[in-house]
Amino acid sequence: MTKIQASQIEYVDVIIIGGGIAGISIAEFLARRSRLSIKVLDNAPQLGTFASGKLEGWFHTGALYSGHDDAQTFINCVNSLEDLINLYSSYFSEQCNIALTETKPNFFTPTVIPNFNGWFNDKPVYLIHPRKNSPEISLSGLKSDSVYLEIQRNRVLGRLETAYGQQYNWLQNGNCLAPVYAEVEAYEGLNCSLRHSTETIDNLCRRFDNSYGLENSKYEIIKTLDCSMNTTAIMRTLVASAIERGVTFETGVTIDKLLIDSYGQIQIKSLLCRTQNSLPKRLKARLFIFTVGKGFEPFLSDLQVRAKLKRSRSAMVVAQPALTDTNFVRMSTKRKFHFNHFVHNCEIGAEKFVYSMLADSSYTNDDPINREEEVDIEQILDSAERYFGKDKLYSRNLFSYDCVKTEFISQEEQKRRYSYWIESNPNSNYLCVLPGKFSFFPTVAFQSYQRIKTLIDFDECVEKSTFAPDVKVMEEANKLIADSYPIKIINEARNW
C-alpha cells in the first residue's frame, strides 16, 4: 500500500530566507518596529553557520577603506556606525557598548565603552601605514610606488581625522549624526590627532623591518575606532530579541521550488520546501525576503535579479593561545604586505581561551576558472613569522581555513563591492538583500525596513523599553546560533 505524505501549509506575513547576520538583523528590527508575523528559514542545522560565523570578527568603522580612491565604502562604514548608535545602543544598552562620549567640552565622538559582556572589545585596532623607507618601497625601487603610497597616506590621515578626530562633532542638535561624503573629502592637511603608538606596535614594526634586512623605517601609526567584536554574541542577542517579539526560526530547511506567477510583475505564490525531517511544506506570505549568500544562484533567473554574484574566499589562520594582546592591521599598496591580527576571548565550558585571528585583508575569486586554487595561507604565515618570530608562532596551536563570502557585481559597475545591495520591485512581493560586511548589519536592517514599508502596509510601532531577555529565551537563542568557526576548531582540537 502506497503511503500518502501530506504537505503542510503555513502562512505568515513575512518569510526571510537566510539565517546569517543579514536575515537575523532584518527579522529582529522588523519585529521591533511592527507586529507582523515573521519566519526565518535556513538550510544549515544552526543559524550563522557560514560566512557570518567564519569571519575574523573585525568591526569596521572605515579604517581599512580610508585609503581607497573612492571614499564610498569608507562612508558606508561611518553611516553604519551612526545607525548602530541611533538604533541599537539605547535598546541593547547592556550589550551594544559603542556610544557617543564627550571628548572635549560640547564635542562628542563615538567610543567603545569597556564592557566584558559587550559586543565590542574596547582594545582598538592600530593601523600601521608604511612610508617611503618601508620594505615594500625599499625593495621595489619604483618611483610610482612611492608616489602612490604618499597619496594613500594622505587620504587615510585626512579621512580618519575628519570622521573621528577633532574636526567633526557627532552630536548635532541632540542627535547622533555622522559626517557626509563631501565633509570627509574636504579634509585639509595632515594634522591627524589620531596618531598614536605603543611599545608593542613599535617592536612589531621593528621586527618586521629587520626580517627584510632593513633599518627601522618610519610608520604612521593610527589608533582607530575599529575593534574586534563577538559576532556570535551579536547574533544570539538579536535572535533572542526577535524570539521575544514572536519571530520563529526554522533550520535544516531545503528549498525545492518557488511557485511564481509571472504574468505581469513577478509574484511569488508559494515556497515549496522540505523540513529537517524531510517533510514537505508549502509556505505562503505577504512578503518574501531573500538574504541568502551561499546558494543564492538558483533564485537569480526566477526573480530576474539584475546583479551578478560572485564568491570570494579569504584565508584565515587561528593561533591559540594569542600571539599578542594588540589588534593591528598593516595597510599597504602591495598585496603581499597586507596583514591583520585580532585577539579574541572565549569560553568553552568552564575554561577561558585567548586566541589570535590572522588574515591578510585579501581574497581569491571563487569562480569556475580558479575554484581549485588554494587561498594563500603561506603568505599569512610568512608575515606572521616576520612580526612574531618563528619560535613564537609555531609554539602555538595553528589552524587554517577559508571563508567564502558571496558578493555582487552590479551591471553598472563591474568591480568588487564591500557594501550591501537591496533590490525590489514596488509591484512584486519579494525583496532581495545581499550584505557585504558583518559590520553593516545595522544599516542593512534599517534600509531593508525602509524598503519593506514601500512593499506592504502595516502599522509601525516603536518599543521604547530596553532589551531584558528572559533566561529561557536566551537559552533558545544560544541553541539556534552556531559557535563561531574558530571556537569550533579550538574545541575539536581539545578532543583530538
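The structure contained in this document is the topic of the report that follows. (Residues numbered from 1 in each chain as written. Predicted model: local features only at pLDDT ≥ 70, side-chain atom pairs only at ≥ 80, totals over all residues. Heavy atoms only, no water.)

**Structural notes on a nonpolar patch on the surface**
The following threshold applies: Like charges within 9 Å and nonpolar side chains (Val, Leu, Ile, Met, Phe, Trp, Tyr) within 5 Å are joined into patches, using only residues over 30% in relative accessible area that form no salt bridge. All accessible areas in this document rest on Shrake-Rupley with a 1.4 Å probe, and a residue is counted as covered only by the protein chains that are shown. By definition here, a salt bridge exists when the distance from a side-chain nitrogen of Lys or Arg to a carboxyl oxygen of Asp or Glu is within 4 Å. Secondary structure elements are taken from DSSP: a helix is a run of H or I of four residues or more, a strand is a run of E of two residues or more, and numbering for both begins at the N terminus.
Together, Val147, Tyr148 and Ile151 line one region of the surface with nonpolar side chains, adding up to about 240 Å² of accessible area. Note that Ile151 resides in helix H5 (residues 143–164).

**Considerations on the side chain of Thr275**
Cut-off, in case you're wondering: Whether two residues are in contact is decided by their heavy atoms: any pair within 4.5 Å suffices.
Within the secondary structure, Thr275 is located in the loop between strand E12 (267–274) and strand E13 (280–290). Excluding its chain neighbours within four sequence positions, the residues that come into contact with Thr275 are Glu250, Gly252 and Lys281.

**Things to note about the packing of aromatic side chains**
Cut-off, in case you're wondering: When the centres of two rings from Phe, Tyr and Trp lie within 6.5 Å, Trp using its six-membered ring, the rings pair. Their planes under 30 degrees apart give stacked, over 60 give edge-to-face, and anything left gives tilted. Exposure categories follow from relative accessible area, calculated using a 1.4 Å probe and restricted to protein chains: below 20% of the type maximum is buried, above 50% is exposed, and the middle band is partly exposed. Charge over a ring is defined by NZ of Lys or CZ of Arg lying within 6 Å of the ring centre and within 35 degrees of the ring normal.
Going through the model one piece at a time under the given rule, you end up with 26 aromatic pairs. When the ring of Trp119 is compared with that of Phe120, the centres are 6.3 Å apart and the planes differ by 75°; the resulting orientation is edge-to-face. Each of the two residues, Trp119 as well as Phe120, counts as buried. Between Tyr164 and Trp170, the aromatic rings sit 5.9 Å apart at their centres with planes inclined by 15°, giving stacked as the arrangement. Owing to a relative accessible area of 0%, Trp170 belongs among the buried residues under this scheme. Lying over the aromatic face of Phe107, Lys104 brings its terminal NZ or CZ to 4.6 Å of the ring centre. Arg386 extends its terminal NZ or CZ atom over the ring of Tyr212, reaching a point 3.8 Å from the ring centre.

**Focus: the pattern of salt bridges**
Evaluation of the coordinates by the stated rule reveals 18 salt bridges. The residue Glu28 makes a salt bridge to Arg32 at a minimum N-O spacing of 2.8 Å. Pair noted here: Glu28 and Arg32 are both in helix H1 (residues 21–33), with a separation of four residues, about one helical turn. The burial state of Glu28 is the same as that of Arg32; both residues are buried. What emerges from the salt-bridge pattern is a single network uniting Arg131, Glu150, Arg153, Arg195 and Glu220.

**Overview of the packing of helix H3 (residues 72–87) against H5**
To keep it simple, the criterion reads: Note on geometry: axes are lines fitted to C-alpha atoms, helical ones only across the stretch in contact, with angles between N-to-C directions running from 0 to 180 degrees. When describing relative orientation, an angle under 35 degrees is termed roughly parallel and one over 145 degrees roughly antiparallel, while 65 to 115 degrees is termed roughly perpendicular and anything else oblique. Rotating anticlockwise by less than a right angle from the far helix to the near helix defines a left-handed crossing, while the corresponding clockwise rotation defines a right-handed one. Nonpolar residues are Ala, Val, Leu, Ile, Met, Phe, Trp, Tyr, Cys and Pro. Charged residues are Asp, Glu, Lys and Arg, and all others, Gly as well, are polar.
The contact between H3 and H5 brings their axes to 12 Å, and the two run at 15°. Compared by their axis directions, H3 and H5 come out roughly parallel. Seen from above, H3 lies across H5 with right-handed handedness. Contacts between H3 and H5 involve Phe74, Val78 and Leu81 from the first element and Arg159, Leu160, Ala163 and Tyr164 from the second. Classifying every residue of the contact of H3 with H5 by side-chain character gives six nonpolar, no polar and one charged.

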